[in-house]
Amino acid sequence: MLKKPRWDIFCTIIDNFGDAGFCWRLARQLVNEHGLEVRLWVDDLSILSQIEPAINVDEDRQSLRAVEVCCWRKSFVSTQPADVVIETFACTLPDNYILAMADLPQQPVWINLEYLSAENWTLDCHCLPSFHPHLSLTKYFFFPGFVEGTGGLLLEKSLLPARVSFNNISQDIFFQELGLQSRRDGELYISLFCYDDAPIEELLSACVISDVPIRVLVPQHSVNNAIGMFFGVGSPAAGQVLQSAKLKVCIIPFLEQDKYDQLLWACDINFVRGEDSFVRAQWAERVFIWNIYPQAEQSHRLKLEAFLELYTERMPPEMSVAVCSLWNAWNGNGQMINAWPIFAAQMTELTEYSNKWIRQLLPIGDLTSNLVRFSRKDQI
Ligand code: TRH
């Protein structure tokens, strides 16, 4: 019998949950759908444990959902390198691991899996080799993306069918488990996950004067202080509901990663951020608004512009203007109070567009399968 190819994924946590969240999905999909043997090396298990509570932060090696999760310590234990080595987001591999790769009779496939961007230059760099200056090793750049010629986006085979079968009964159960009532007709449901500097107060002010009742569901994270300030209370805890006119804000616990998908499916509008929740909101086929991760020298602005250009390309002009104004305002460039009503008036059309958008993405294939295909040496 042929031995299963072994993959090592290396992940350093720069900030927040996105790095761990992305790697955890990738590792699981490689095991579940491609039958591979996967080790995930993470330098901070406590972050991973927040989105996957079954992780034991005190164990340096553990098997979870058929992935071997390993704590990546500064003094890296010498280990036999895998057949395919994924260095995520340009994290630097341990020196002794690189030397061990060079010592192997057959070079492993070494891939630097980059951050997601819709900028055109990523197409020129996707799959480019980079030769090690001293060792006989080649590293390849692999770019996730939204268009043909990039690596695509993470998408498990089961995700879209699971979303379709998430019916009203599943939704009621989901809300019940969170201690919330079932959805009421005519109420707009919004999930909110964003960075601290997003204009939260402006959003809530716009919601307060809305014609329709609005319920905002907030998984507990650092923005709770801003929400508390808006309502003139301290930082609200999970379970608390705050109300002003037709607006209700419900603080819910920070969810397990798979449950977070269900939250996105259960809401009409999802405010998401970073990279991973941004991608999940697209597969949720709901209206979404992106709070981009702020970068030095404002380089995130170019990234935001590039995505907006692509995403709105096939929209009618008035919808495109509504989306660009709101997204820019949410990212610190404009007034939410002006942009919100124009955006909200396009809800039906925007919801329909979210289906068109994913149909545009599907032909690229999913990132994990594209990676597996690339990793087969004969393809390189
Ligand atoms: O946490 P983030 O801000 O991570 C960011 C981005 O990845 C960014 O690109 C990177 O450069 C920076 O970190 C260092 O946002 P993101 O990417 O959406 O990741 C959040 C993860 O948390 C995602 O996997 C979904 C998960 N999540 C839950 O599991 N439960 C929850 O309740 C919520 C709100 C999120």
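All chains use their own residue numbering, which begins from 1 and follows the written sequence. Note on the predicted model: pLDDT of at least 70 is required for a residue's local features to be given, and 80 or more for side-chain atom pairs to be given and counted; whole-chain, interface and lining totals, by contrast, use all residues. As a convention, hydrogens and water are excluded, and side-chain values are obtained from all of the structure's heavy atoms.

Student: Requested: an account of the pattern of salt bridges, with residues and values cited.
Tutor: Here a salt bridge means any side-chain nitrogen of Lys or Arg lying within 4 Å of a carboxyl oxygen belonging to Asp or Glu. Summed over all chains, the structure comprises 17 salt bridges. R73 serves as the salt-bridge partner of D60, at 2.8 Å between the closest nitrogen and oxygen. With D60 in the loop between helix 2 (45-51) and strand 3 (61-64) and R73 in the loop between strand 4 (67-71) and strand 5 (84-88), this residue pair connects regions lying 13 residues apart in the sequence. On the accessibility criterion, D60 (35% relative accessible area) is partly exposed. Between R280 and D261 there is a salt bridge, and its shortest N-O distance comes to 3.1 Å. Here the residue R280 occupies a position in helix 10 (residues 276-283), and D261 occupies one in helix 9 (residues 257-266), the gap between them amounting to 19 residues. Strands here mean DSSP runs of E at least two residues long; helices mean DSSP runs of H or I at least four residues long; both are numbered from the N terminus. Buried, partly exposed and exposed residues are distinguished by accessible area as a fraction of the type maximum, computed with a 1.4 Å probe on protein chains only: under 20%, between the cut-offs, and over 50%, respectively.

Student: A description of helix 1 (residues 18-34) should follow, citing residues and the corresponding values.
Tutor: Spanning 17 residues, helix 1 covers 23 Å between terminal C-alpha atoms, matching the ideal 24 Å at 1.5 Å per step. Extensive coverage of helix 1 is indicated by the burial of 13 of its 17 residues. In the segment just after helix 1, G35 is the residue with positive phi, at about 60 degrees. One less than the number of residues in a helix, times 1.5 Å, gives the span that helix is expected to have.

Student: Account for the site of the ligand, with residues named and values stated.
Tutor: By convention in this text, a residue qualifies as near a molecule or strand provided that one of its non-hydrogen atoms is within 4 Å of it. The immediate surroundings of the ligand are formed by 23 residues, with Y195, L255, R273, D276 and S277 found nearest. A distance of 2.6 Å is found between an oxygen atom of the ligand and a side-chain nitrogen or oxygen belonging to Y195. Under the rule applied, a polar contact is a pair of N or O atoms within 3.5 Å (in protein, one hydrogen donor and one hydrogen acceptor; residues adjacent in sequence only if both atoms are side-chain atoms). At 3.0 Å from an oxygen atom of the ligand is found a side-chain nitrogen or oxygen belonging to Q257. For the ligand, the protein covers 98% of the area, taking 700 Å² as the surface of the free molecule. For the shell around the ligand, the elements supplying multiple residues, two or more each, are helix 1, helix 9 and helix 10. What sets the accessible areas is the Shrake-Rupley method with a 1.4 Å probe; for residues, cover comes only from the shown protein chains.

Student: I'd like a rundown of the domain arrangement of the protein, residues and numbers included.
Tutor: Where each domain begins and ends is defined by an automated method or by a domain database. Once the domains are mapped, the protein shows domain 1 (6-155 + 365-375) and domain 2 (159-363). The straight-line distance from the C-alpha centre of domain 1 to that of domain 2 is 29 Å. Each of two parts loses accessible area, computed with a 1.4 Å probe, when they are put together; buried area is these two losses added. Across the domain 1 to domain 2 interface the summed buried area is about 2,300 Å²; carbon plus sulfur atoms make up 57%. It is R25, F146 and L155 that lose the most area in domain 1 upon contact with domain 2, and together they represent 29% of the buried surface on that side. The tally of links between domain 1 and domain 2 comes to four salt bridges. Where D258 meets R28, a salt bridge forms, and the shortest distance between an N and an O atom there is 3.5 Å. Between the two partners, domain 1 and domain 2, sit 12 residue pairs in polar contact (both at pLDDT 80 or more). Broken down by secondary-structure element, the contributors of at least two residues to the side of domain 1 that touches domain 2 are helix 1 and helix 2. With five residues, the single largest contributor to the side of domain 1 that touches domain 2 is helix 1. Under the convention adopted here, Pro, Cys and the residues Ala, Val, Leu, Ile, Met, Phe, Trp and Tyr are nonpolar, Asp, Glu, Lys and Arg are charged, and Gly plus all remaining residues are polar. Each residue belonging to the side of domain 1 that touches domain 2 can be placed in one class, and the counts come to 14 nonpolar, five polar and six charged.

Student: Which residues make up the pairing of strand 1 (residues 6-11), and what values go with them?
Tutor: Working note: regular strand, side chains alternate between the two faces of the sheet. In terms of burial, strand 1 is a largely internal element, six of the six residues being buried. Residues R6, D8 and F10 line one face of strand 1 and the alternating positions W7, I9 and C11 line the opposite face, and both faces are buried. In this view, the connection linking strand 1 to its parallel neighbour strand 2 (residues 37-42) by way of helix 1 has right-handed handedness. Classification remark: right-handed applies to a crossover when, strands pointing away from the viewer, the course from the first strand over the helix to the second runs clockwise.

Student: Talk me through the environment of E87; I want residue IDs and the actual numbers.
Tutor: For E87, the position within the fold is in strand 5. Overall, E87 belongs to the buried group, its relative accessible area being 3%. A sequence separation of 23 residues divides E87 from L64, and the C-alpha atoms of the two residues are 21 Å apart. Here E87 is in contact with F10, L93, W110, I111, N112, L113 and K139, once residues within four sequence places are set aside. Contacts between residues were defined by any pair of non-hydrogen atoms, one from each residue, lying within 4.5 Å.

Student: Which residues make up the side chain of E114, and what values go with them?
Tutor: When you line up the elements, E114 lands in the loop between strand 6 (109-113) and helix 4 (121-125). We treat Lys and Arg as the positive residues and Asp and Glu as the negative residues; His and chain ends play no part in the count. Put simply, E114 is tucked away with no salt bridge, and the nearest opposite charge, on K139, sits 7.9 Å away. There is a polar contact of 3.0 Å between the side chain of E114 and the side chain of N112. Not counting chain neighbours up to four residues away, the residues in contact with E114 comprise F89, A90, F141, F142, F143 and P144.

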